[in-house]
Amino acid sequence: MEILRSILSEPFFVILLGGTLTASIPIILAAIGESLVEKGGVLNLGLEGEMLIGAFVAFVIALNTRNLFWGLFSGIAAGLLVALAFGYLVIYLKVNQIVAGLGIWIFGIGITSLLFRVFFGRRFPIARGITSKTAIPYLSQIPYIRSVFNQHIVAYVALALIPLAWWLLYKTNFGLHIRAVGENPVAADAHGVNVYRTRYLTVMLEGILAGLAGAFLSICDLSFFVDNMTLGRGFIAIGIVMLANWNPSRIFYGAFLFGVFYSLTSGLQIAGVNVPREFLLMLPYVAVIVVLCIFARNTRLPAAFCLPYERE
Amino acid sequence: MKLGIVVKAVLGPLFAILAALLVGGLILFFIGLNPFRTYFELFKLGMGTHLGITESLKKMAPLLIISAGLIIVFKAGIWNIGGNGQFLIGAIFVGGLAPLLINGSSPYLYFFLLALMGFLGGALWIVIPAILKAKYEINEIIVTMMMDFVALNFTAFLVRGPLIAHPEYFPQTRLIPVGQRLPFIPFTRIHIGLIVGLAVVILAHYFMKKTTWGYEFRLLGENKKAAQYAGVNIKKVTIIAMLISGGFAGLAGANDILGIKGAFQAEWNPGYAFSAIPLVFLARFNGIAVIPLAYFFSFLAIGGEFMSRAANVPVFFVQVLEALMLIFFGVTEYMQKKGKLFWKS
Amino acid sequence: MSEMRETVIEMRGITKRFHGLVANDCIDFDVKRGEIHALLGENGAGKTTLMNILSGMYHADEGKVYVRGKEVTFHSPQEALRSGIGMVYQHLTLVPTLSVRENILLGTNKKFVLPKRDVEKKIKEIAREYEINVEPGVKVGQLSAGEQEKVEILKLFYRGSEILILDEPTSVLTPLEVDDFFKILKITSDAGKSIIFITHKLEEALSISDRITVLRQGRKAGEIDLQSFSQETKCEIPETIVKMMFKEAEFVEEIENIACDKPSLSDEVVLNLEDVTAKNDRGAQALKRVSFSLHRGEVLGIAGVDGNGQKELAEVIVGQRKVSSGRIFLQGCDITNMPVRFINERGVFYITDDRMKEGCVGNFSLAENAIFRSYKKEPFCKKKAILHIEAIEAHGNELIKKFSIKASNAKVMVRTLSGGNIQKLVVARELSHKPVVLVCNKPTHGLDVMTTQFIRNEIRRQSRQGISVLLISSDLDEIMQVSDRIGVLFKGELLDILPRQKATKENIGSLMLGLKNKVQA
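Residues numbered from 1 in each chain as written. Chains lettered and ligands numbered in written order. Predicted model: local features only at pLDDT ≥ 70, side-chain atom pairs only at ≥ 80, totals over all residues. Heavy atoms only, no water.

For chain C, the helix and strand inventory stands at 18 helices and 22 strands. Taken over C-alpha atoms, the radius of gyration comes to 25 Å for chain C, in line with the 24 Å a tight globule of 521 residues would show. Counting only C-alpha atoms and orienting by the principal axes, one finds that chain C spans roughly 75 × 55 × 50 Å. Looking at chain C residue by residue over its 521 residues, the buried ones come to 56%. Pairs at least 24 residues apart make up 67% of the contacts formed inside chain C by residues separated by at least 6 positions. Across chain C, 75 positive and 72 negative side-chain charges occur, with their mean positions spaced 5 Å apart. (Helix = DSSP H or I, 4+ residues; strand = E, 2+ residues; numbered from the N terminus. Rg over C-alpha atoms; globule rule 2.2 N^0.38 Å. Buried < 20%, exposed > 50% of the residue type's maximum accessible area, 1.4 Å probe, protein only. Contact = heavy atoms within 4.5 Å. Lys, Arg positive; Asp, Glu negative; His and termini not counted. Charge placed at Lys NZ, Arg CZ, Asp CG, Glu CD.)

Following this line, the structure appears as structure tokens:
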């Protein structure tokens, strides 16, 4: 009873909601990118690796320049670069997408852990004071939901990207190309759509978003970097894309759900719930499995999913 | 003729390994470390010393056992990438149960029971992904990965809570006395886990090649529709393949607890599955090819560990190399298919 | 009149090789403005390759292409389209999940944001001009094959193509749809556009075209200008062309007249379907209360346009798909929703329409493919566990010999075999189990004439030995040639079953389109 009361109290609810939103932002960004590549027929399992590399590079640059913009920018650039490498492997060289994706993932874990030690040794620097929250006037005063309107600037961008991605995919020529290339690349090619270019562009967009997601995690959300800090968020994003049936507009629900459970892990500890910490830490992952199990049964994949395209 | 096939099969992975070493060297160079010295130390400490060789051979066991399971499940076209979690659960089952089983029974029964426990632990951890995959076609990559994180937290809970040996010390399960651990292979300091690993991987190889179940697994992996057409019970085969691979990962956990660690310690996560994935790809899911590659990978791990002290290159460099090998393996596969590399396969 | 027309396309000495095999050998070809030019030849004669070169999909190894007198080299279909050359491929190149409008915009739209109203207006204008009726907003996947064909042509008009290449456009159409389609072609050519019509059906080439070029084994076998024949000499045309297409000695033994050799239907019912209803992969109703009986030793042909429940019908019988209601009996034994192997063991075997992706595994050897249904049986394994490799290979070699499959031995990977030989392997495997009932779904689809005849003869021969065959096919000629009785599947319903003697192309065709429910007795 005591616990319930403390959970429902205004300050606690505000923290929970704010934390939920913050936790869901990297997932939203990564999942938007992944939904675009997958809609174009490419599975990028390297998402996690790209996020990690983005997070690391952004952190190092932000720490040294003490500048949010350069941090985010370099994170994006790093994500883009890795994604381009991935794109070159799977689109041009037609490497098995699972092999390349797993390779990029393990590479991401290894290289960031390696470089972290080379750069910082046994130190764990914290990038303080680089970023701040942007409160929206008036809205950030509303009780209970005020934390929604007091977020990092990147969070607003991420939320705005959801309808933008939907619009891109369903209302623009480029989106038409993506959908055609993922469903029937032979037809798209026959009608003069450049399959390679379209897929490269989706992979690049995805790299930018994955890099931004990583950068948000390391410099906006946490202000530090640790080994493998994405903790499966890349894979969760891939799961959420399936959950959303490859429609960007539905990504928010899945990401929000992850955010709820993620912020609950710290929220319930603060609220003094007597459950071992480890069980709370499991919650987001269990939630993803449960939700996939309920909503993602026998989903229909894009027809050319995971297949490299080759003429003749 | 037969020799030609072998040479052709060896060239691809060899090229991938050399390319990875080259790119790895470039990375070292760019971050200001001396690649020549690093590789020199790596090979000297990993292969040139008695200790390095012994340790490498010891470390082969878990890699071989996990790979045996991965060969089967990957060849069936199912991507179990949560081997780490299954490994940890198998290990904690053994770490928790071994102290209870020590007294009384014969050593054979004791080891058999513990091996079984490890196997069951790993298999248990893949039951949910297996059912979701077989029944609802929910992507196993995501679910096994999620289960991996659940396992990490679950074992952390167990070792800090119910299974903790001494609450005032570093959290770990009760230590298994040295006399109750896996015996050494005669005349060596290498425990018999290596023999188990070799046996298991050879068994897996011939299982896939020569048995009707292996045929079903391969059929499913090549083409699901054709398997259904041929009357294979896809759900059953999917679940069995996944359980076997999870079980082997758990057995590898049992091996490490009984052969090396003696107890399950908090924060312990050797990440063999990360290495085993590139390894089995490089071996093209061929059990015989896994053996030399497992030696190479465990040499890298041991050499990397020793080198990290000697040359001050963090051990994670080895993981980078492994990832690069996997990526270059993909490239060579493509190039061999296209006939751009050496000749067509 | 025809001499006055300008030549818009000229191809000179076109040669194209694939992995050492010559697909086109020094072919000359030309098209005039406003003419319908048929490119005739059997499968594998090189028709599609030649046209793929013209449309920019392939590059010629040798030879030159002139468009309106100017030499051109196309590097992509895009460039050909810019010169006004558009091709409709045999496997339609529409994206089923996109709407008609989106499909038409695909590759033609240059604006970043997709236009809507203007496009729909333009589509409707063109549709009116050429008497094509389609709704721009509908998803292409929901259209019939005939309508999809029209969307393809509409798309070419939208792009302003002056030269239309149509690759076997009628292969998926019913006879009535063909008539409708030909009407559109006539309107098009009257409007001054040129049409190249690829076909292997002589009859169609004769009925629609102004000129016919015949290809045989990658070479040009001859060219006939239909206008140059007078009324009296016209009857000689088919004979001349047949000689060009096949030369001599390539004829296969004809199938004996069925009506004579099969006077009565056996009373023994082997397979019985009662009100079978089933869903397709997307969860939509694919079969609606289908009931029929298959008698011993008969060939029951099931005609229908593709996608009317044929695949689902075959799959429910062999156990690959669940029945949502209704029952299936095999010789009195209920086999509804039983596993594939259970049904196999009781004698039902299946020649699938998808031999490459379902009927075999490309990365398995021929021998391994040959034991799909028997790997758990002696002598191929011991104690249901260990495979007996020698016995498996011996079995593979036996099938090679018996069905004259062109493969050096049973160890070769199936992916290295030709389509015809793969199909022979599938047929050989299914027949080697001595079926009681054989379900065939489009058994000769995409095969050359020789293999087609071989397989049709084999089906007839087997049925006379007492095997009951359910022959599902969208090729009406095949159905008419081989079946004893003919049923028609339309939108998942089995409309009527006629004895062969009462079936004509016309009455079956109108059933296929759903214009009638029953043929009057």
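At the junction of the two partners, chain B supplies 18 residues and chain C supplies 30 residues. Taking both partners together, chain B and chain C bury about 2,100 Å²; carbon and sulfur atoms supply 55% of that area. Area buried by chain B at its contact with chain C is led by T212(B), Y215(B) and Y229(B), which between them contribute 38% of it. At the surface where chain B touches chain C, the tally comes to four salt bridges. A salt bridge links E368(C) to R218(B), with the shortest nitrogen-to-oxygen separation between them at 2.8 Å. Linking chain B with chain C are 16 residue pairs in polar contact (both at pLDDT 80 or more), by the criterion used here. (Buried area = accessible area lost by both parts, 1.4 Å probe. Salt bridge = Lys/Arg side-chain N within 4 Å of Asp/Glu carboxyl O. Polar contact = N/O pair within 3.5 Å; in protein donor to acceptor, adjacent residues only side chain to side chain.)

The next subject is the pattern of salt bridges. All names here are of chain C. As enumerated under the stated definition, the model contains 43 salt bridges over all chains in all. Put simply, R373 and E430 hold a salt bridge, and the shortest N to O gap is 2.8 Å. Taken as a pair, R373 in the loop between α13 (366-369) and β17 (381-382) and E430 in helix α15 (residues 419-431) lie far apart in primary sequence, 57 residues in all. E430 matches R373 in its accessibility class, with the two residues each being buried.

Moving on: a nonpolar patch on the surface. Residue and element names in this part refer to chain A. A surface patch of nonpolar side chains, amounting to about 380 Å² of accessible area, comprises F13, L139, I142, Y144 and I145. Within the secondary structure layout, L139 lies in the loop between β1 (134-135) and β2 (150-151). In this structure L139 comes out as partly exposed when scored by relative accessible area, which is 35%. (Patch = residues over 30% accessible without salt bridge, like charges linked within 9 Å, V, L, I, M, F, W, Y side chains within 5 Å. Areas by Shrake-Rupley, 256 points an atom, 1.4 Å probe, with all protein chains shown as cover.)

As a further point, take the domain arrangement of chain B. Residues and elements named next belong to chain B. When its domains are assigned, chain B resolves into domain 1 (1-33 + 318-345) and domain 2 (34-50 + 60-312). Its C-alpha centre places domain 1 at a distance of 25 Å from the equivalent point of domain 2. Residue-level contacts link 22 residues of domain 1 with 18 residues of domain 2. Carbon and sulfur atoms make up 72% of the surface buried where domain 1 meets domain 2, a total of about 1,700 Å² over both sides. Inspection of the domain 1/domain 2 interface yields one salt bridge. Residues R284 and E333 are paired through a salt bridge, measuring 2.7 Å at the closest nitrogen-oxygen approach. For the side of domain 1 that touches domain 2, the secondary-structure elements that each account for two or more residues are α1 (2-30) and α14 (316-338). In terms of residue count, α1 provides more of the side of domain 1 that touches domain 2 than any other element does, eleven residues in total. (Domains from an automatic or database assignment.)

All names here are of chain C. Looking at the element boundaries, N308 is found in the loop between β13 (299-303) and α10 (310-318). At 2.7 Å, the side chain of N308 forms a polar contact with the backbone nitrogen of K491. Ignoring any residue separated from it by four or fewer positions in sequence, one finds N308 in contact with A286, L489, F490, K491 and G492.

This next bit is on the packing of aromatic side chains. Scanning the model with the defined rule gives 48 aromatic pairs over all chains in all. Where F119(A) meets F120(A), the ring centres are 6.3 Å apart and the plane angle is 85°; that geometry is what we call edge-to-face. The structure contains a cluster of three or more aromatic residues connected by ring pairs, namely F56(A), F59(A), F116(A), F119(A), F120(A), F124(A) and F225(A). If you follow R218(B) out to its NZ or CZ, it ends over the ring of F364(C), 5.2 Å from the centre. For K424(C), the ring lying beneath its charged end belongs to F454(C), and the centroid distance is 4.9 Å. (Phe/Tyr/Trp six-rings, centres within 6.5 Å; stacked < 30°, edge-to-face > 60°. Lys NZ or Arg CZ within 6 Å of the ring centre and 35° of its normal.)

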